[in-house]
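Structural description and commentary
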Amino acid sequence: ETGVTQSPTHLIKTRGQQVTLRCSSQSGHNTVSWYQQALGQGPQFIFQYYREEENGRGNFPPRFSGLQFPNYSSELNVNALELDDSALYLCASTFGGTDTQYFGPGTRLTVL
Amino acid sequence: GENVEQHPSTLSVQEGDSAVIKCTYSDSASNYFPWYKQELGKRPQLIIDIRSNVGEKKDQRIAVTLNKTAKHFSLHITETQPEDSAVYFCAASRGRGGGADGLTFGKGTHLIIQP
């Protein structure tokens, strides 16, 4: 496997709530990217962190935010959940200055 | 921003035959093109990638070709096997580690290998 883990596996929330998803990668993987994958679609880029700073963002509103920690773990926070936020959330880590993104197994979020 | 189109959305081939999936991209600054395989309920797995300074790359039964002028790249799988059945995604990005824009994915191709 890729050495990238995510928690929790599944999560059910109601509209308006807040959620925190977690990702852990290997030593030396100092870039982490987060993606949203709706059913039957390709992953969509949310944002990327490099050495604990956000250095790129896709077309997602500010209620999607993140953090990266020195121990190669990271978080995705989503506030004011909407029904359309229901999706598989994937994190992907990259070693050093390479290109390959290694994906975690994802967190399935359902918003009711 | 970048836009990646992928065709076909579904591809059914006989076991042992070849499969070809095609993608086009819009951003001429994109320089890294990975292909991922995703089985049902599992994570996307990198199967092959190519950078813009290379026209073709091969790894056993899998090959990728890139035409920078036409802005398209293709995945070729030869001697298909039942375990090749999955959804395949192409992607494009600028720079290292996905760059500030991350990976832009196509919508995926559901490859079905008929026994």
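Below or above, wherever it landed, is the structure these notes cover.

Conventions and cut-offs
Residues numbered from 1 in each chain as written. Chains lettered and ligands numbered in written order. Predicted model: local features only at pLDDT ≥ 70, side-chain atom pairs only at ≥ 80, totals over all residues. Heavy atoms only, no water. Helix = DSSP H or I, 4+ residues; strand = E, 2+ residues; numbered from the N terminus. Rg over C-alpha atoms; globule rule 2.2 N^0.38 Å. Contact = heavy atoms within 4.5 Å. Areas by Shrake-Rupley, 256 points an atom, 1.4 Å probe, with all protein chains shown as cover. Pairing = 2+ DSSP bridges. Axes fitted to C-alpha atoms, helices over the stretch in contact; angles between N-to-C directions. Buried area = accessible area lost by both parts, 1.4 Å probe. Salt bridge = Lys/Arg side-chain N within 4 Å of Asp/Glu carboxyl O. Polar contact = N/O pair within 3.5 Å; in protein donor to acceptor, adjacent residues only side chain to side chain. Buried < 20%, exposed > 50% of the residue type's maximum accessible area, 1.4 Å probe, protein only.

Of regular secondary structure, chain A possesses zero helices and 11 strands. Counting from the amino terminus, helix and strand elements in chain A follow one another as β-β-β-β-β-β-β-β-β-β-β. Relative to the compact-globule value of 13 Å for 112 residues, chain A shows a C-alpha radius of gyration of 13 Å, a close match. Along the first, second and third principal axes, the C-alpha atoms of chain A reach 40 × 30 × 25 Å. Partitioning the contacts of chain A with sequence separation of at least 6, the portion at a separation of at least 24 is 54%. With an accessible surface of roughly 5,300 Å², chain A has 50% of that area assigned to carbon and sulfur atoms.

With that settled, the discussion passes to the sheet that holds strand 8 (residues 72-77) of chain B. Residue and element names in this part refer to chain B. Judged by pairing direction, the sheet is antiparallel, and its five strands sit side by side in the order 1-3-8-7-6 without closing on themselves. With partners counted over all chains shown, the strands left at the sheet margins are strand 1 (4-7) and strand 6 (56-59), one partner each. Each strand of the sheet is rotated relative to its neighbour by a mean of 15°, with strand direction disregarded. Note: strand 7 (residues 62-67) against strand 8, six bridges, orientation antiparallel. Its bridge partner being in strand 8, Val64 is matched across the sheet by Leu75.

Of the residues lining the interface, 26 residues belong to chain A; the matching set on chain B comes to 21 residues. Taking both sides of the interface into account, the surface hidden between chain A and chain B amounts to around 1,800 Å²; carbon and sulfur atoms contribute 49%. In this structure, the salt-bridge partner of B:Arg51 is A:Asp99, at a minimum N-O distance of 2.2 Å. For the interface between chain A and chain B, the tally reads six residue pairs in polar contact (both at pLDDT 80 or more). Secondary structure elements with two or more residues in the side of chain A that touches chain B: strand 4 (31-37), strand 5 (44-50), strand 6 (53-57) and strand 9 (87-94) of chain A.

Residue and element names in this part refer to chain A. Among the structural elements, Arg22 can be located in strand 3 (residues 19-24). Using a relative accessible area of 44% as the deciding quantity, one classes Arg22 as partly exposed. Distance from Arg22 to Gln37, taken between C-alpha atoms, is 16 Å for residues 15 residues apart in sequence. Residues contacting Arg22, with those up to four places away along its chain left out, are Thr5, Gln6, Ser7, Trp34, Ser74 and Glu75.

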